[in-house]
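Residue-level structural notes
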Amino acid sequence: LTTTALYFVLGAVFVVYSYKVPETCTVKIQPSFIQLGALLITLGISSACFLGVAQTMLSALSHGAVAQKYRIEGRDDEADSEESDYDAQADRARTCLRAPTVLHTIALAGTILLWVHTASLALVANRRHCGNVANVFWFLTLLTGLNTCFNSVGGSQTVRV
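In this report, the structure presented in the accompanying data block is examined. Bear in mind the structure is a predicted one, so any value in this text is a computation, not a measurement.

1. Side note on the overall build of the chain
Looking only at helices and strands, the chain has five helices and zero strands in total. Across its three principal axes, the chain shows a C-alpha extent of roughly 80 × 20 × 20 Å. Here the chain holds 161 residues, and 34% of them are scored as buried. A sequence separation of at least 24 residues applies to 76% of the contacts in the chain between residues at least 6 apart. On the chain, roughly 9500 Å² of surface is accessible, and the fraction owed to carbon and sulfur atoms is 64%. Between the centroid of the 11 positive side chains of the chain and the centroid of its 11 negative side chains there is a distance of 23 Å.

2. Details of the nonpolar core
Membership of the largest hydrophobic core comes to 24 residues, with the highest contact counts inside it found for F14, V27, I29, F33, V133 and F137. If one sorts the elements of this core by residue count, helix α3 (residues 76–124) sits on top with six residues. Contact partners of I29, with chain neighbours within four places excluded, come to V21, T118, L121, A122 and V133.

3. Digging into the environment of S32
Note that S32 resides in helix α2 (residues 30–72). Relative accessible area serves as the criterion here: at 2%, S32 is assigned to the buried category. Linking S32 and F14, residues 18 residues apart in sequence, is a C-alpha distance of 9.0 Å. Once residues within four sequence positions are removed from consideration, S32 is found in contact with L114, H117, T118 and L121.

4. Some words on the pattern of salt bridges
Applying the stated criterion across every chain, the model contains seven salt bridges. Measuring nitrogen to oxygen at the nearest pair gives 2.6 Å for the salt bridge that ties E78 to R75. A relative accessible area of 35% means that E78 is categorised as partly exposed. For R75, a relative accessible area of 30% corresponds to the partly exposed category. A single network of salt bridges, built from pairs that share partners, joins K69, E73, R75 and E78.

Reading the values: the criteria
Per chain, the residues get numbers from 1 upward, laid out in the order the sequence is written. Reporting of local features is limited, given that this is a predicted model, to residues whose pLDDT is at least 70; pairs of side-chain atoms are given and counted only at 80 or more, and all residues count toward the totals for whole chains, interfaces and linings. Just so you know, side-chain values use all the structure's heavy atoms and leave hydrogens and water out. Numbering of helices and strands starts at the N terminus; helices are DSSP runs of H or I of at least 4 residues and strands are runs of E of at least 2. Each residue's exposure class comes from its accessible area (1.4 Å probe, protein chains only) as a fraction of the maximum for that residue type: buried when under 20%, exposed when over 50%, partly exposed otherwise. In this description, contact between two residues means that some pair of their heavy atoms is separated by no more than 4.5 Å. Reported accessibility uses the Shrake-Rupley method at a 1.4 Å probe radius. Residues are deemed covered only where the shown protein chains occlude them. Charge assignment: positive for Lys and Arg, negative for Asp and Glu; neither His nor the chain ends contribute. Every charge is mapped to an atom, namely NZ of Lys, CZ of Arg, CG of Asp or CD of Glu. The definition of a nonpolar core used throughout is a set of buried Ala, Val, Leu, Ile, Met, Phe, Trp, Tyr and Cys residues joined through side-chain atoms within 4.5 Å. Salt bridge criterion: a side-chain nitrogen from Lys or Arg within 4 Å of a carboxyl oxygen from Asp or Glu.

Listed below in structure tokens is the structure:
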């Protein structure tokens, strides 16, 4: 939940700061800030979708555990019903994962490519004409990179349904 919220916050900061780029800036970094903000907000949306799917996965796992318990107790009819519920929810979770996974992958690839482009602009930005644009970019990039890594590490510990 924290990484999802941070994607939204960092995206908003990129967009808001894009309007603070001085007009005297010699590099066209403002559009890159807006685009990075939009991509980070998109990552936030896809991460929020993953949270919704996680709820469905947990519900499916609960049905699976109850089915196993009923099977051990010899309550086969109830176990069959719980297994059916498990299968239905697990299938729904798998289906619901497709769209946000594609969206997240495209947004992440776009973010990486745009980071490279914006980094090249930040490296040549003249401090006298552009103010602290480069420093703000590097700071926000560090926060975004840490957030993305934290999100990846947290995501690798999920249960497969």
